[in-house]
Amino acid sequence: MSDMTTLSPVAASTARIGRWRWQETAFWLLVVASYFLFSDRYLILTEIAWLALFALSLDLILGYAGIVSLGHAAFFGVGAYGVGLLAKHGIIEEPVLALLAAGLMAMALGFVTSFLVIRGTDLSRLMVTLGIALLLRELANRFSDITGGFDGLQGFTIAPVLGLFEFDIFGRTGFVYCTVVLFVLFLAARRLVNSPFGLSLRAIHNNRLRAEAVGIPVDRRLIAVYTVSAFYAGVAGALFTQTTALASLDVFAFERSADLLLILVIGGGGYLYGGLIGAVVFKILQEIFSSITPQYWLFWIGLVFVVIVLVGRERMRRWARVAPDFLLRRLGLSRGVGGGGSRGGEP
Amino acid sequence: MSVERRVLLRAAVCAVAVGAFAGMASAQETVKIGLIVPMTGGQASTGKQIDNAVKLYMQQHGDTVAGKKIEVILKDDAALPDNTKRLAQELIVNDKVSVIAGFGVTPAAFAAAPLATQAKVLQIVMAAGTSIITERSPYITRTSFTLGQSSIIIGDWAVKNGIKKVATLTSDYAPGHDALKFFKDHFVAGGGQIVEEVKVPLANPDFAPFLQRMKDSKPDAMFVFVPAGQGGNFMKQYAERGLDKSGIKVIGPGDVMDDDLLNGMGDSALGAVTAHMYSAAHPSQINKDFVAAYKKAYGQRPGFMAVGGYDGIHLLYEALKKTGGKADGDSLIAAVKGMAWESPRGPISIDPETRDIVQNIYIREVKKVDGELYNVEFATFEAVKDPGKTKK
Amino acid sequence: MTNFLTILFDGVAYGMLLFVLASGLAVTLGLMNFVNLAHGAFAAFGGYVCAVLVNRSGVPFFVALPLAFAAAALAGVVAERTLFRHLYRRSELEQVLFTIGFVFMAVAATDYVMGSSQVFINLPDVLQGQIDLFGVGIGRYRLMIIVICGLLTLAIQGTLARTRFGARLRAAVDDPRVASGLGINVPQVFAFTFAFGCGLAGLGGALGAEILGLDPYFPLKFLIYFLIVVTVGGSSTITGPFMAALVLGIADVAGKYYVPKLGAFVIYALMIVILIWRPHGLFGRTVAR
């Protein structure tokens, strides 16, 4: 961390990058607004919130450090079962503390497995991470006397948050709780990626050899960010268990990791909001399609993916930028709202 | 603060329940049912059978009962318990359903149970078959079956019919463990011997190595439980390994011989003896009509999952008639207790103490009838209760 | 000992089947650098074509197999020309999103057309049961799989290594620009290769229906296995995936037979160990492209 004090140009640069933009304020205001606007949909909002945190954790390693993973559910699952077991056996009852503890468990696993992941090709990383998650799933199934096996870990209750706010049937507490956790961890991630540490990750992502040549300890940086990411994923898993009061084998499932990757691809990696936006889009699409056609929603969501890629995200973004102007003009309000603030670096 | 919140919360929950009730008593007079089943994913065929059967019943019996209009809201949980829980919660809170039904797998039924208790809503389990489900909430009832029911019967039957040595092959999850435990209890107590015990992973593409182990242990018969949908695959490989020719019989609860798949299994399935609560060949008029109507509507034979759905919705209709249209959880569960009727599967009733289903278990053998494979019933064990509860 | 041979035989058959199913993926991924997660959809398509032909139209099984190959290959050409072609230059993650979307659509469409229950193919009597060879039980169906897949493997290897087309394909992969400068019609070569890979998958789907089961979720259920075969084998040759499929097939079957309690662990653990030992796969090129 000594780089920060000695290299003032870097400090200046990070300060510039890290400046808070109006779009970001708008985004979080929307999140707050959703509390009032969709008061009967707290449950799905809660799901979006922990999913967003989960996607954020993948963004840290994929979008910033370029480590692909198809087994991020491993950490999610450890967090989920961690919290469940802590609550069930009454070891740590208070949710926030349990959350931290579960996050740390996932973090420990992340640190250990990071050594397997930092070397290798993209494809072998995909498969090693996937293999780890599937192994954990089998372990959880095998030790069913601890985990409840296929039936899942059930029959425990989650104590009120900070001893004050009980989880209610409407999901209000759950939503506020998840959103606050998401926001706090988002701020931490934002701080992290805009620090010299984050810059060095981008350098590694862009060109590993060159990064090595300028003296960045590549392996150590990758291990560090992988470990942090595991913590985030563990917390997301813990939130999942705390808001649903159950944990089952599918927390480790391949589908969970795969969906996560899709979410990040939809939202775009490397600017922190990608996972958040992707989670919102993904869940809402799923919800809309599956309530219209519970049997065949998979088809329509697949179609959306196909169209997204065929049209191309760049073009969509351009449309998104032009659309408000166009609409306003249509309505005879040609004020030309500046919709074009450039977002952070796209991969 | 905390106490205050808790009081508020309780008031809110009551308000929901009362609101739902008041809503119904007033103008619209609708009873909403949240049907949560897997419609996508590996368990999709379970969900579809249930959905089909419920639709069929409502076509036949109209959508009005005791002056109330019945509205079914179908939701897909893809057999993931967290989905089940959220959907159930939203159905109860937002759609104000009076009944939640369906539940393709045990964890899904578990996940919804606390909500049924909390919101005082009737929960009808139409598929999941682990014994303890009904103990998770006083508002749960079941119209499918428990694995214990059929497993003890086949255990007794095996002992009586000169089967001495059995090798077991069961899926490695709760229903599989239930089936194995109850079978063993009765079979071993009757003097039988288990010569090999294999638990196969739930997601298991190739049965070959497990079947080879079965073959090596040279049993008189093998006891098999695999979940609905995997039976066909299993039987194919059973025949491929020549087990059908080596005289090792297949016995087990009827899941492996699901009517849904039976015809595709080929002649290798002939002679398999299973104990189960439903066969599409059940020789009653009511069943013949049911099978004919189902085939006409959906182009295939109904399996035992379809019957679970059909009886589930029937139970609700009858319960509503009994309560005069009152749809709160307490009235409904009271009405459900002790209810008895003639189902396509035969006479069934709901145990007033456990709220679980009491039904005949039939021993059937796979035979060819008019060129198609059927489970032909040849022995009946009447009014079998779930052994998981009678034991206590 | 005879048991061991039976298990070995089963493992080889299982591995061969995995290879035929996954080889098309190895080709598109290794040779064309295209992440085609929709590969299983073509396998399922072939399987369903075979099932419909045999069960409903009464076409003999051995006639239906090549038809399944042809149908899947045709579907592959159409999909490649209309859709996948546009994705060769896109980033890998976009290819993932696109092909997964494609699988989702295929799964739901299959469900709509064919129903969600498992489908079986009525086999001729010749293929049913076991033959006893010096006390070793040999399943006839599995024997057929080994023969067909073995011949196919030889044919593929021969085509790639010895024919003009093989040379063109390798040239087109190594440097498309130079290759087209030499008068090789690169898009055509790719389209043909893609179609062939899909055809193989279709054949694998038809052969595998008996052993793996066939339902609408086939493309998703077995995606993991395809990927394991390709990554463990290394995607730059065809022998790599072949050997990997054999090793995994045998290890999986033997593992489940000898230590059934550890059943599902074997294949994953083996994969992790191999990939850590050799990140480019067992037979992969050691230098990253």
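Residues numbered from 1 in each chain as written. Chains lettered and ligands numbered in written order. Predicted model: local features only at pLDDT ≥ 70, side-chain atom pairs only at ≥ 80, totals over all residues. Heavy atoms only, no water.

Enquirer: Can you tell me about the overall build of chain C, naming the residues and giving the values?
Expert: Along the backbone of chain C there are twelve helices and two strands. For chain C, the α and β elements follow one another from N to C terminus as α-α-α-α-β-β-α-α-α-α-α-α-α-α. Taking 289 residues into account, the globule formula puts the C-alpha radius of gyration at 19 Å, and chain C, at 19 Å, falls close to it. With the C-alpha coordinates of chain C rotated into their principal frame, the extents come out at 60 × 45 × 35 Å. Sorting the 289 residues of chain C into buried and exposed places 62% on the buried side. Long-range contacts, defined as pairs at least 24 residues apart, comprise 75% of the intrachain contacts of chain C with a sequence gap of at least 6. Total accessible area on chain C is roughly 11,100 Å²; 68% of this is exposed by carbon and sulfur atoms. (Helix = DSSP H or I, 4+ residues; strand = E, 2+ residues; numbered from the N terminus. Rg over C-alpha atoms; globule rule 2.2 N^0.38 Å. Buried < 20%, exposed > 50% of the residue type's maximum accessible area, 1.4 Å probe, protein only. Contact = heavy atoms within 4.5 Å. Areas by Shrake-Rupley, 256 points an atom, 1.4 Å probe, with all protein chains shown as cover.)

Enquirer: Describe the pairing of strand S10 (residues 249-253) of chain B, listing the residues and the values that go with them.
Expert: Residues and elements named next belong to chain B. Taken across its five residues, S10 has four buried, putting it largely inside the fold. Sheet topology note: the strand S9 (residues 221-225)/S10 ladder contains three bridges and is parallel. What sits directly across from Met222, in S10, is Val250. Following the chain from S9 across helix H8 (residues 231-240) to the adjacent parallel S10, one finds a crossover that is right-handed. (Pairing = 2+ DSSP bridges. Right-handed = clockwise from strand over helix to strand, strands pointing away.)

Enquirer: Give me the pattern of salt bridges: which residues, what numbers.
Expert: Per the stated rule, a full pass over the model turns up 34 salt bridges over all chains. The salt bridge partner of Glu90(B) is Arg41(A), with a shortest N-O separation of 3.0 Å. Residue Glu90(B) is found in helix H3 (residues 81-93), and its partner Arg41(A) is found in the loop between helix H3 (22-37) and helix H4 (42-64); the two belong to separate chains. Overall, Arg41(A) belongs to the partly exposed group, its relative accessible area being 24%. Put simply, Glu210(C) and Lys236(B) hold a salt bridge, and the shortest N to O gap is 3.5 Å. Residue Glu210(C) is located in helix H8 (residues 186-212), and its partner Lys236(B) is located in helix H8; the two belong to separate chains. Taken as a pair, Glu210(C) and Lys236(B) share a single burial class, namely buried. (Salt bridge = Lys/Arg side-chain N within 4 Å of Asp/Glu carboxyl O.)

Enquirer: Kindly report on the packing of aromatic side chains, identifying the contributing residues and their values.
Expert: Residues and elements named next belong to chain C. Counted by the stated rule, this structure contains 52 aromatic pairs over all chains. Measuring from centroid to centroid gives 5.1 Å for Phe19 and Phe242, while their planes differ by 85°, and the two rings are edge-to-face. Here Phe242 lies in helix H11 (residues 239-258) and Phe19 lies in helix H1 (residues 2-31), a separation of 223 residues in the sequence. Considered together, Phe19 and Phe242 belong to a single accessibility category, that of buried residues. Here Phe34 and Phe194 contribute two aromatic rings whose centre-to-centre distance is 6.4 Å and whose plane-to-plane angle is 45°, an arrangement assigned as tilted. Placement of Phe34 in the loop between H1 and helix H2 (39-57) and of Phe194 in helix H8 is noted, with a sequence separation of 160 residues between them. (Phe/Tyr/Trp six-rings, centres within 6.5 Å; stacked < 30°, edge-to-face > 60°.)

Enquirer: Just give me the short version of unusual backbone geometry, but keep the residues and values in it.
Expert: Residues and elements named next belong to chain B. Not every positive phi belongs to a glycine, and Ala79 is a case in point at roughly 65°. If you trace the backbone, Ala79 turns up in the loop between strand S3 (68-76) and H3. Residue class for Ala79 comes out buried when judged on its relative accessible area of 18%. In this model, Arg355 sits at a positive phi of 65°, which is unusual for a non-glycine residue.

Enquirer: So what about the confidence of the model for chain B? Which residues, and what values?
Expert: Chain-level statistics for chain B give a pLDDT mean of 85 and a share of 92% at 70 or above. Long-range and interchain partners of residues 14-27 of chain B, a stretch whose pLDDT sits below 50, account for 13 contacts in this model, where long-range means more than four residues apart. (pLDDT = per-residue confidence, 0-100.)

Enquirer: Tell me about helix H4 (residues 92-114) of chain C, residues and numbers included.
Expert: Residues and elements named next belong to chain C. Look at H4: 32 Å from first C-alpha to last across 23 residues, which is about the 33 Å you get at 1.5 Å a residue. H4 sits mainly inside the fold: 17 of its 23 residues count as buried. Immediately downstream of H4, the backbone of Gly115 shows phi near 85°, a positive value. (Expected span 1.5 Å × (residues − 1).)

Enquirer: Tell me about the environment of Gln193(B), and please be specific about residues and values.
Expert: Residue and element names in this part refer to chain B. Structurally, Gln193 can be placed in strand S8 (residues 193-200). On the accessibility criterion, Gln193 (43% relative accessible area) is partly exposed. For the pair Gln193 and Ile163, spaced 30 residues apart in the sequence, the C-alpha separation amounts to 9.1 Å. If near-sequence neighbours (up to four positions away) are discounted, Gln193 is found in contact with Lys164, Lys165, Val166 and Phe187.

Enquirer: Tell me about the interface of chain C and chain B, residues and numbers included.
Expert: Quoted interface sizes are often the accessible area lost when the parts come together. On the chain B side, the residues contacting the 29 residues of chain C number 33 residues. Here chain C packs against chain B, burying approximately 2,600 Å² in sum over the two surfaces, 49% of which is carbon and sulfur. Sorting the residues of chain C by area buried against chain B places Phe120(C), Lys256(C) and Tyr257(C) first, and these three jointly supply 23% of that buried surface. If you look at where chain C meets chain B, you find four salt bridges. One salt bridge connects Glu240(B) with Arg142(C), and the closest N-O pair in it is separated by 2.8 Å. Going through the elements one at a time, H1, helix H5 (140-162), H8 and H11 of chain C are the ones with two or more residues in the side of chain C that touches chain B. Top element by residues in the side of chain C that touches chain B is H1(C). It accounts for five residues. (Buried area = accessible area lost by both parts, 1.4 Å probe.)

Enquirer: Please give an account of the nonpolar core that cites residues and values.
Expert: Counting residues in hydrophobic clusters, the biggest one holds 299 residues, and the most contacted among them are Leu53(A), Ile251(B) and Phe61(C). Beyond its immediate sequence surroundings of up to four residues, Ile251(B) is in contact with Ile154(B), Trp157(B), Ala158(B), Ile163(B), Val166(B), Phe183(B), Ala221(B), Met222(B), Phe223(B), Val224(B) and Val273(B). Leu169(B), Phe207(B), Leu211(B) and Phe234(B) belong to the second-largest nonpolar core, a separate cluster that totals 26 residues. (Core = buried A, V, L, I, M, F, W, Y, C linked by side-chain atoms within 4.5 Å.)

Enquirer: Please set out the side chain of Asn36(C) residue by residue, giving values where relevant.
Expert: Residues and elements named next belong to chain C. Structurally, the position occupied by Asn36 is in the loop between H1 and H2. Only 3.1 Å separates the side chain of Asn36 from the backbone nitrogen of Ala38, close enough to count as a polar contact. Those residues in contact with Asn36, other than ones at most four positions away along the chain, are Leu25, Thr28, Phe42, Phe84, Thr99 and Phe194. (Polar contact = N/O pair within 3.5 Å; in protein donor to acceptor, adjacent residues only side chain to side chain.)

Enquirer: Describe the domain arrangement of chain B, and please don't skip the residues or the numbers.
Expert: Residues and elements named next belong to chain B. You can read the domains of chain B as domain 1 (2-145 + 285-355) and domain 2 (148-276 + 361-390). The C-alpha-based centres of domain 1 and domain 2 are spaced at 30 Å. Contact residues are listed per partner, giving 21 residues for domain 1 and 21 residues for domain 2. Summed over both sides, the interface between domain 1 and domain 2 buries roughly 1,600 Å², with carbon and sulfur atoms accounting for 45% of that surface. If you sort the residues of domain 1 by the area they bury against domain 2, Phe145, Arg301 and Phe304 come out on top, with a joint share of 39%. (Domains from an automatic or database assignment.)

Enquirer: So what about the sheet that holds strand S6 (residues 140-142) of chain B? Which residues, and what values?
Expert: Whenever strands of a sheet pair, they do so through backbone hydrogen bonds, lying parallel or antiparallel. Residue and element names in this part refer to chain B. Strand order across the open sheet formed by six strands is S2-S3-S1-S4-S5-S6, with mixed pairing between neighbours. Each edge of the open sheet carries a strand with a single partner, namely strand S2 (64-65) and S6. The pairing of S2 with S3 spans two bridges and is antiparallel. Bridging across to S3, Val65 finds its partner in Lys68. On top of the sheet, helix H12 (residues 329-336) reaches strand S4 (99-102), strand S5 (122-125) and S6; it is set at about 45° to S5, its chief contact. (Axes fitted to C-alpha atoms, helices over the stretch in contact; angles between N-to-C directions.)

Enquirer: Describe the interface of chain A and chain C, with residues and values.
Expert: In this complex, chain A contributes 36 residues to the contact, which on the side of chain C involves 38 residues. Of the roughly 3,500 Å² buried at the junction of chain A and chain C (both faces included), carbon and sulfur atoms supply 83%. Three residues, Met127(A), Leu298(A) and Val309(A), lead the burial of chain A against chain C; their summed loss comes to 18% of the area buried on that side. Viewed at the interface, chain C and chain A are joined by zero salt bridges. Taken together, chain A and chain C are joined by one residue pair in polar contact (both at pLDDT 80 or more). Only helix H7 (122-142), helix H13 (254-267) and helix H15 (297-311) of chain A provide two or more residues apiece to the side of chain A that touches chain C.

Enquirer: Outline the environment of Asp250(A), supporting the account with residue identities and numerical values.
Expert: Residue placement: Asp250(A) occurs in the loop between helix H12 (218-244) and H13. In the structure, Asp250(A) is positioned 215 residues away from Tyr35(A) in sequence and 29 Å away in space, judged by C-alpha atoms. Excluding its chain neighbours within four sequence positions, the residues that come into contact with Asp250(A) are Arg256(A), Leu80(B), Pro81(B) and Asp82(B). Of the polar contacts made by the side chain of Asp250(A), one reaches the side chain of Ser248(A); its length is 2.5 Å.

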